[in-house]
Amino acid sequence: MAIFIQQLINGLTLGSIYGLIAIGYTMVFGIIGMVNFAHGDVFMVSAFVALLLFMIFTTLLHWALVPALLVVLVLAMAITGLWNWTIERTAYRPLRGSFRLAPLISAIGMSILLSNLIQVIQGPRNKPVPPMFTQVIPIYEENGYVAGIGYKQIVIMVVTAVLLALFWYLVQKTPLGRAQRACEQDQKMAALLGIDVDRTISLTFVMGAALAAVAGVMYIMYYGVVNFADGFVPGVKAFTAAVLGGIGSLPGAVIGGLLIGLIETMWSAYFSIDYKDVAAFSLLAITLVFLPTGLLGRPEVEKV
Amino acid sequence: MTTISSMPLLQVEHLTMRFGGLVAVGDLSFDVARGQITALIGPNGAGKTTVFNCITGFYKPTEGRLTLNHDANHHYLLERLPDHDINWKARVARTFQNIRLFQGMTVLENLLVAQHNTLMRASGYSLLGLFNAKSYRDQADLALQKALHWLERIHLLDRADDAAGDLPYGDQRRLEIARAMCTDPLLLCLDEPAAGLNPKESLELNTLLTGIRDEGKTSLLLIEHDMSVVMTISDHVVVLDYGVKIADGTPDAVRNDPKVIAAYLGVDDDEVAEVEAEVGL
Amino acid sequence: MSTDMSSPSSTFPMVKSLKQAGFVGMVMFGLCVPIVAFRAEQNMNNELVLQSRWWLTLVFSVLAMIGSFLLSLYTHQKSHTAHSSAPSSVTKALSALAPRLTPLGFACVIAYPMVMLAINGPGGSIKWIDNFGIQILIYVMLGWGLNIVVGLAGLLDLGYVAFYAVGAYAYALIATKVIPDTFPELGFWSFWICLPISGLLAALWGIILGFPVLRLRGDYLAIVTLAFGEIIRLVLINWVDFSNGYAGLSSIPRPSFFGIPFNASEEGFAAVFDLEFSPIYRTIFLYYVILALSLLTAFVTIRLRRLPIGRAWEALREDEIACRSLGINTTITKLTAFAIGAGFGGFAGCFFAARQGFISPESFVFLESAQILAIVVLGGMGSLFGVVVASIALVGGIEILRELDFLKQVFGEAFDPSQYRMLIFGFAMVLMMLWKPRGLIAHREPSIVYKEKKSIGSDMVQEGHG
């Protein structure tokens, strides 16, 4: 039972990170129907940006941990947003409305480009940061094994929840969100009604990247290490989360993320840690085959 | 015992199609007689295309039975067949409201794709064809002759090597009909074949369709908005409104039916007069 | 960062371009902070320390500014000299050259090892025949195999490397474990026995994996196939008893000259044909084997395209719903494309294992699938000639980048050019898509001609939805 509770907490923490990345996939897919293959690598870039900013504020400027983290979070969101804005502007926008495979290939190229760029400019080795928020609150004890919730896990879940609420408000209640939903339905019509479609799509990419950056900061905090190749697998898992929740649906992405996190930790604890990625990929395949609209997606009626 | 000629080719019985809470077609029954042109008409959104999609297997009906009678002993329950078998086994072919040609393939290729199953058998599921066996070449030649025959009938022989997507709209409509005919259907379902045609093309279409009917092998079921086409060529008209049949009979009977006139233009008397004028009353 | 020139004024809009260049420079600067400006390195105590590199950031920003300015100059020039709607000269030239180049290219490809041998001698030519010739031909074959799936049938497969892996592991396992235990006398023939088995096994896996997923459409199919590719790789890593995990399988028998091994023994190839022993003979033989396998792929593809099955594939790419209305069983049609494509991948995998003598899961990563797909898409969907050009450009390009050791003299010993290979590859993939989204060969040849052959422009050809 203690193990179960511990894995439940770990799973929810991990799931929060996946959920944040998944939103980027789901929003971009929703608005331009494209799987942004490079999104996992954008997340990885954001983790590096966060790592470097964290180092700058703590070792060069000697800030205290909490204010440093807050500033790092905001700056990382902005810088990653700029990255994704540039990527969309240069690699995807010129291909919009052309051959369907072209943006996908371009995105795959961008994914390769980003991970290798980081490898070249930051080196191929793991980058560890000193552990932070190491305290753990014990909550359940059984036969000497103590299940607890770490401070950083609390921080991750709280920050995720707050940002999701903010983001939810942005998408549901503001003119930007309305423009986004209009573009999702019908870009041509939205343009005719005076919505700047290009700008809306750009902002969607920026928002997705900002949330990926939050995930990046959390990732650095949680694991304390990042590597240039760390974009692919979390990216695929987050995509699985987006599909599982129903691609295009924001709450779906979060629920999907939490589910994937839980499945991964439970699988590792009770079955086989070696096969945890196999489990994630299998889940992706099974979901797509048997539940292609996901948990919260709308069923698609084939138009004849 | 019913004889073949008196047994309808297609019997639609209590067909119902629901999408969630919406009833697109409700308890619809009608027959398509052998050797006739049957028209399915009704205002926009009346559920005509949904009926087509049920007959041709793209939708599985919520309720009801669709029987296609080849002869006294061979019946196909269309709602139980997968869509490709509806064409290949039950021999029902269709066209689409928004033309669905293989745009990047040539006109000739379009007509050969339509003979896929026959050719596939002849090519020994590609094995004989890979070695260019004589039996396959003969069959391929027959398929080509059939395609050319239809191209001639729709006056497109000159454009056999052009991309189907390059053809003008009216030609594309005729090509789609020819492609469906290359599958040797017993029932040909046409979804608004006259939409977007000019009067001359419309007239050509009438000749083509009545020609197909008069050859006696293929019966036609068509959805059409152009009343001049419907009234000129159809032998039997079924009128739908909000997914429910409101009239069923000969063109003359239907056009005098007050319910039909009301469905088309509401119940306003002035407009009734207009529609009467339009349908040539 | 090109913006359209709104007015067709003939003077170059200097101020606007400069402003834009300034903006691009600023964006670049923003991107580089802090990821280029600082580098985190571990010190002796395994702690990260920062090294600042502001000069590099400045260099990047200035380069971006210059690039942006040159780009606006270029687009300005182009808008006054060429009509933008006409297909570009490269596409046109390649399309026109394709039929004429084929016999010539054929002759070159057959003569290539001999020419290399004559120029570089037995020692120096191994690199050219193996790294360039064989390597490119493997990708040509994989490209042609995947072309059946993606180019003809319009099914997006991001896990093609899985079938390559199935072929390679099938050969490696059968040749190292099954044959020595059961029919040791067949040892020298193992490659030739396993080649068809590998292909069939890969095709079978194509059917097993394809059956549940082929009703998915578009990007979903791409992602599922990616997942399958990764699952197969992860299983190969983790199921150590079966595949020896990360360590891979080694001492895989090399192909024999139809029973005569390439070794220095009495029965060896060199002794039998009365030649001086040299490893080059095996390399040359391998070259012709993969050439023959590729040509087989091309032959089958060309033939199948003119058969009903090939037409059905292309029809499926054009409009799946219309296919169904014409009585075509789309599931079976897709499965055949998937299985045949997979089968050729299996042949290539078998050859790969035999050529390397060693395989490990590292050879079958997602990047390989991406590379093969990039070759097919860049070549122009469905075009065999395009795949050849794209393979030479991409694979040859990557191999050329291995030869950049002279740059060490420019940038110092610490500079490792091989690090930049994949960076340049990714960059090239993006640029090529921007330059030619429809691929190099942007037209389709009809599969049957009544009177006059007319090729069909790419704007008409559909890309497939599944």
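Along each chain, the written sequence defines residue order, and numbers are assigned to residues from 1. Working convention: letters from A go to chains and numbers from 1 go to ligands, in the order in which they are written. In keeping with the predicted nature of the model, local features appear solely for residues at pLDDT of at least 70, side-chain atom pairs appear and are counted solely at 80 or more, and the whole-chain, interface and lining totals rest on all residues. Values reported for side chains reflect all heavy atoms of the structure, with hydrogen atoms and water molecules removed beforehand.

A. Representation of the overall build of chain B within the structure. The number of helices and strands found in chain B is twelve helices and ten strands. Rg of the C-alpha trace for chain B: 20 Å, near the compact-globule value of 19 Å for 281 residues, within the 12% margin. Taken along its principal axes, the extent of the C-alpha atoms in chain B is 70 × 45 × 40 Å. Residue burial is assigned from relative accessible area. The probe radius is 1.4 Å, only protein chains are included, and a residue is buried under 20% of its type maximum, exposed over 50%, and partly exposed in between. By the burial criterion, 58% of the 281 residues in chain B qualify as buried. Each accessible area value is a Shrake-Rupley result obtained with a 1.4 Å probe; residue values ignore everything except the protein chains displayed when judging cover. Of the roughly 11700 Å² that chain B leaves accessible, carbon and sulfur atoms contribute 52%. Under the counting rule used here, the positive set is Lys and Arg, the negative set is Asp and Glu, and His together with the chain ends is not counted. A charge is said to be at NZ when it belongs to Lys, at CZ for Arg, at CG for Asp and at CD for Glu. The positive charge centre, built from 25 side chains, and the negative charge centre, built from 39, are 9 Å apart in chain B. Numbering goes from the N terminus for both helices and strands, where a helix is a DSSP run of H or I of at least four residues and a strand is a run of E of at least two. Based on C-alpha atoms, the radius of gyration is set beside the globule rule, defined as 2.2 Å times the residue count to the power 0.38.

B. Spatial organisation of the overall build of chain A. Each helix and strand in chain A was counted, giving eleven helices and four strands. In summary, chain A has a C-alpha radius of gyration of 19 Å against a globular reference of 19 Å for 304 residues, a match within 12%. In terms of overall dimensions, chain A has a C-alpha envelope of 65 × 50 × 35 Å along the principal axes. Sequence-distant contacts in chain A: of pairs separated by 6 or more residues, those separated by 24 or more amount to 75%. Contact definition: two residues touch when any of their heavy atoms are within 4.5 Å.

C. Geometry of the sheet that holds strand β1 (residues 10-19) of chain B. All names here are of chain B. Between any two strands, pairing holds if DSSP finds at least two bridges. The four strands are arranged β2-β1-β4-β5 in an open sheet whose pairing can be described as antiparallel. Strands at the two margins of the open sheet, each flanked by one partner only, are β2 (22-32) and β5 (74-77). The average undirected angle you get between the axes of adjacent strands in this sheet is 20 degrees. Relative to β2, β1 runs antiparallel, the two being bridged by seven bridges. From the neighbouring strand, M17 faces β2, where its bridge partner is V25. Helix axes are fitted to C-alpha atoms over the stretch in contact, other axes to C-alpha atoms as well, and angles between N-to-C directions run from 0 to 180 degrees. Sheet strands in contact with helix α1 (residues 48-55) are β1, β2 and β4 (63-71), and its direction is about 115 degrees off that of β1.

D. Geometry of the interface of chain A and chain C. Chain A puts 71 residues into the contact, and the matching count from chain C is 67 residues. Defined here as a combined quantity, buried area equals the accessible surface (1.4 Å probe) lost by two parts on assembly, summed across both. Summed over both sides, the interface between chain A and chain C buries roughly 6100 Å², with carbon and sulfur atoms accounting for 75% of that surface. The largest share of the area that chain A buries against chain C comes from A:F99, A:R100 and A:I105, three residues that together contribute 12% of it. What counts as a salt bridge is simple: a side-chain nitrogen of Lys or Arg found within 4 Å of a carboxyl oxygen of Asp or Glu. Our count for the contact surface shared by chain A and chain C stands at zero salt bridges.

E. Layout of a nonpolar patch on the surface. Residue and element names in this part refer to chain A. Together, M1, I3, F4, L8, I137, I139, Y140, Y145, Y151, Y270 and F271 line one region of the surface with nonpolar side chains, adding up to about 1000 Å² of accessible area. The set of elements that each furnish at least two residues to the nonpolar patch consists of α1 (2-32) and β2 (136-142). Note on placement: I139 falls in strand β2. Residue classification places I139 among the partly exposed residues on the basis of a relative accessible area of 47%. Only residues whose relative accessible area exceeds 30% and that take part in no salt bridge are eligible for patches, with like-charged residues grouped when within 9 Å of each other and nonpolar side chains (Val, Leu, Ile, Met, Phe, Trp, Tyr) grouped when within 5 Å.

F. Broad picture of helix α7 (residues 169-181) of chain B. Across its 13 residues, α7(B) extends 19 Å between first and last C-alpha, which sits within 8% of the 18 Å expected from 1.5 Å per residue. Here α7(B) lies mainly inside the structure; twelve of its 13 residues are buried. Within α7(B) the residues assigned to the buried category are B:G170, B:D171, B:Q172, B:R173, B:R174, B:L175, B:E176, B:I177, B:A178, B:R179, B:A180 and B:M181. Elements in contact with the buried residues of α7(B): β6 (92-94), α3 (107-113), α6 (134-153), β7 (187-191) and α8 (199-215) of chain B together with α11 (320-325) of chain C. Take the residue count of a helix, subtract one, and multiply by 1.5 Å to get its expected span.

G. The arrangement of the sheet that holds strand β10 (residues 244-249) of chain B in detail. All names here are of chain B. An order of β6-β7-β8-β3-β9-β10 is seen for the six strands of this open sheet, with the pairing classed as mixed. The open sheet is flanked by β6 and β10, the only strands paired with a single partner. Mean inter-strand twist for the sheet, computed between neighbouring axes without regard to direction, equals 15 degrees. Bridge count for strand β9 (residues 236-241) against β10 is five bridges, and the pairing is antiparallel. Its bridge partner lying in β10, L240 is registered against K245.

H. How the structure looks around the pairing of strand β3 (residues 145-150) of chain A. Residue and element names in this part refer to chain A. Pairing analysis gives six bridges linking β2 to β3, with the strands arranged antiparallel. Bridging across to β3, I137 finds its partner in I149. The turn linking β2 back onto β3 is made up of two residues, and N143 within it adopts a positive phi angle of 45 degrees.

I. Structural context of the side chain of A:Q180. All names here are of chain A. Mapping Q180 onto the fold places it in helix α6 (residues 175-185). Look at Q180 and you get buried, because its relative accessible area is 5%. A polar contact of 2.9 Å, which involves the side chain of Q180, links it to the side chain of T204. Excluding anything up to four places from it in sequence, Q180 contacts M27, I31, V171, T200, T204 and M207. Any pair of nitrogen or oxygen atoms within 3.5 Å is treated as a polar contact; in protein, a donor-acceptor pairing is required on top of that, and neighbouring residues in sequence qualify only through side-chain atoms on both sides.

J. Summary view of the pattern of salt bridges. Tallying each qualifying case throughout the model produces 33 salt bridges over all chains. In this structure, C:R444 engages B:E109 in a salt bridge whose closest nitrogen and oxygen atoms are separated by 2.9 Å. Here C:R444, found in strand β3 (residues 443-444), pairs with B:E109, found in helix α3, and the two come from separate chains. Residue C:R444 shares its accessibility class with B:E109, and that shared class is buried. Across the pair C:E314 and C:R305 runs a salt bridge, and its minimum N-O distance is 2.9 Å. Given the relative accessible area of 15%, C:R305 is considered buried. Via salt bridges that share partners, B:E109, C:R305, C:E314, C:R317, C:E318 and C:R444 belong to a single interconnected network.

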